[in-house]
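Understanding the architecture of this molecule
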Amino acid sequence: MSPRIRGLRTARAWLQPRPLAADALLAVGLLVVGLPQLFLQELPEGWGYEAFRSPDAGNGLLVVVVTMALTLRRRHPLPVLLFIISGGLLTAALRYPPAMPDVVAFLIAVYSVAAHRGLAQSAPGGLIGFVYFLVYLLLLPVSSDPVVLVTDSALVIGVWMLGRSLRLRRAYFAELEDRAARLERARGTDARAARIEERSRIARELHDVVAHHVSVMTVQAGAARRIIDRDPGSAREAMSTIEEVGRTALSEMRRIVGVLRTDRDAEQAGRELAPQPGLGDLGELLDHVRETGLSVQLWIEGEARPPSPGVDVAAFRLIQEALTNTLKHAGPQARAWVRLYYGGDDLTVEIEDDGRGTATFMADNGDKPGHGLVGMYERVALYGGELKIGPRVGGGFGVRARFPLEA
């Protein structure tokens, strides 16, 4: 990059946040070029030019004052335009010849009104400028060619339209930037909502896994403690079941919290993660429950069809949570039934028991739903289903949910 280009870029970077300094330099540049021309030019003879007074110090001072008003053209464009118009009318009244800085300053002021103010100010400003220009030409003591009059008028109109077009273009780009900023904020909000939803999902998964497996392990440990003296073999079998259930719980917990790993651990996590459990794993779940001594029966009615993956996991977790509550509250002699009914477009899941879980459950929770029931409602609602929970006629507790097969 050449030193000249580098210097221009440095000057532009310095002037961009300083509009007053940039406009003052513009006015000074017009004066440096125009004032010598004003005093050195020789007016042509004829056509009425002899009616002009010779430029003097008063003329030069008037040109300087009018031109330096451009310093405020961005902050106060309409007052600056009116000031420059007043200076031009005074120049014509004093019969001073037109000066190049005055003319250029007037065009810049017309542009500034259109570029830096809304239509409510720019339209009257442009009209005032156009009328002033016609009056100024008529006040000149020289004859005007109609062609020159038309072209000069078109120049004033064109300068105003240029400023208006650039203002609309800036507004358009500002709207695009604002829209992009809003979209970025909305994307950040969606990302935060997704993280919150993911944390809620992980909390529900962990609750289901921990509550179920710990309940099974507690029942087995209690059974082992009671029979360890008279039946060591059965006690060892119960302890083996505890070990197996504990390993299963740890495996599922590793799978669930695996989504919290960093990208660096993604490859290793991908090897460790197991598929989400579903209704296909229902047999293994019921076997674990039966090992605790709870009698569980399963009925499947209708034409079995694979539901969507989300519904598959939600139905499995619902059954797991309901059986966990049965283990905790139904009592040692309770029985449970699990029923799956495949309808035309939906899947109905029912889990019932004949134990004493209603009174125990309500006493434990103080008539308020616990985290498990809240998780049930959230899971079912997430996939557009319906859930009913409450005591059975004749005793016991029941959970009934309906899921659409296609979530």
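Residues numbered from 1 in each chain as written. Predicted model: local features only at pLDDT ≥ 70, side-chain atom pairs only at ≥ 80, totals over all residues. Heavy atoms only, no water.

In the nomenclature of an unreviewed UniProt entry, the protein is known as histidine kinase of Actinomadura chokoriensis. Per its UniProt entry, the protein bears the Catalytic activity (unreviewed entry) comment "ATP + protein L-histidine = ADP + protein N-phospho-L-histidine." (UniProt positions renumbered as here; feature names shortened; annotations may be inferred.)

**Section: the overall build of the protein**
When helices and strands are counted, the protein shows 13 helices and five strands. A buried classification covers 37% of the 407 residues belonging to the protein. Considering only contacts in the protein between residues 6 or more positions apart, those separated by 24 or more positions represent 73%. With an accessible surface of roughly 23,500 Å², the protein has 60% of that area assigned to carbon and sulfur atoms. (Helix = DSSP H or I, 4+ residues; strand = E, 2+ residues; numbered from the N terminus. Buried < 20%, exposed > 50% of the residue type's maximum accessible area, 1.4 Å probe, protein only. Contact = heavy atoms within 4.5 Å. Areas by Shrake-Rupley, 256 points an atom, 1.4 Å probe, with all protein chains shown as cover.)

**Considering the side chain of Ser153**
Its location among the elements puts Ser153 in helix α7 (residues 146-227). When neighbours within four sequence positions are excluded, Ser153 is seen to be in contact with Phe130, Phe133 and Leu134.

**Some words on the sheet that holds strand β3 (residues 346-353)**
By definition, the strands of a sheet pair up through backbone hydrogen bonds, in either a parallel or an antiparallel sense. With mixed pairing, five strands are arranged side by side in an open sheet as β1-β2-β3-β5-β4. For this open sheet the edge positions go to β1 (295-302) and β4 (386-391), each flanked by a neighbour on one side alone. Pairs of neighbouring strands in the sheet enclose a mean axial angle of 10°, with direction left out of account. Two elements, β4 and strand β5 (residues 397-404), share six bridges in a ladder whose sense is antiparallel. The partner of Glu386 across the bridge, within β5, is Arg402. Along the sheet face, helix α10 (residues 282-291) touches β1 and β2 (335-342) and points at about 155° away from the line of β1. Those strands touched by helix α11 (residues 309-329) are β2, β3, β4 and β5, and its axis lies near 180° from that of β5. (Pairing = 2+ DSSP bridges. Axes fitted to C-alpha atoms, helices over the stretch in contact; angles between N-to-C directions.)

**Digging into the nonpolar core**
Grouped together as the largest cluster of nonpolar side chains are 35 residues, with contacts concentrated most on Leu318, Ile319, Leu323, Val349, Ile351 and Phe403. Counting only elements with at least two residues in this core, the list comes to α10, α11, β2, β3, α13 (371-382) and β5. For this core, the element with the highest residue contribution is α11, accounting for nine residues. Setting aside its immediate chain neighbours within four residues, Leu318 contacts Val349, Met376, Leu387, Val399, Ala401 and Phe403. (Core = buried A, V, L, I, M, F, W, Y, C linked by side-chain atoms within 4.5 Å.)

**A word on the pairing of β3**
Buried residues dominate β3, accounting for six of its eight residues. In terms of strand pairing, β2 meets β3 through seven bridges, oriented antiparallel. Residue Val338 lies in a different strand from β3, and its bridge partner there is Ile351. Where β2 hands over to β3, the hairpin turn is made up of three residues, counted between the paired strands. Relative to β5, β3 runs antiparallel, the two being bridged by eight bridges. If you follow Thr348 over to β5, its bridge partner there is Arg402.

**Some thoughts on the pattern of salt bridges**
Under the defined criterion, the tally for this structure stands at 13 salt bridges. With a shortest N-O distance of 3.1 Å, Asp354 and Arg335 are connected by a salt bridge. In this pair, Asp354 sits in the loop between β3 and α12 (357-365) while Arg335 sits in strand β2, placing the two residues 19 residues apart along the sequence. Given the relative accessible area of 44%, Arg335 is considered partly exposed. The residue Asp346 makes a salt bridge to Arg402 at a minimum N-O spacing of 3.7 Å. Taken together, the residues span a long stretch of sequence, with Asp346 in strand β3 and Arg402 in strand β5 at a distance of 56 residues. For Arg402, a relative accessible area of 23% translates into the label partly exposed. (Salt bridge = Lys/Arg side-chain N within 4 Å of Asp/Glu carboxyl O.)

**A few points about a nonpolar patch on the surface**
Together, Leu89, Leu127, Val131, Val135 and Leu139 line one region of the surface with nonpolar side chains, adding up to about 410 Å² of accessible area. Among the elements that line the nonpolar patch, the one with the most residues is helix α6 (residues 119-139), at four residues. Along the polypeptide, Leu139 turns up in helix α6. (Patch = residues over 30% accessible without salt bridge, like charges linked within 9 Å, V, L, I, M, F, W, Y side chains within 5 Å.)

**Section: the UniProt feature "transmembrane region" (unreviewed entry) in the protein**
UniProt records the feature "transmembrane region" (unreviewed entry) at residues 78-97, 125-141 and 147-163, using the numbering of this structure. Within residues 147-163, the helical portion is 100% and the strand portion 0%, while the C-alpha atoms at the span's ends are 25 Å from each other.

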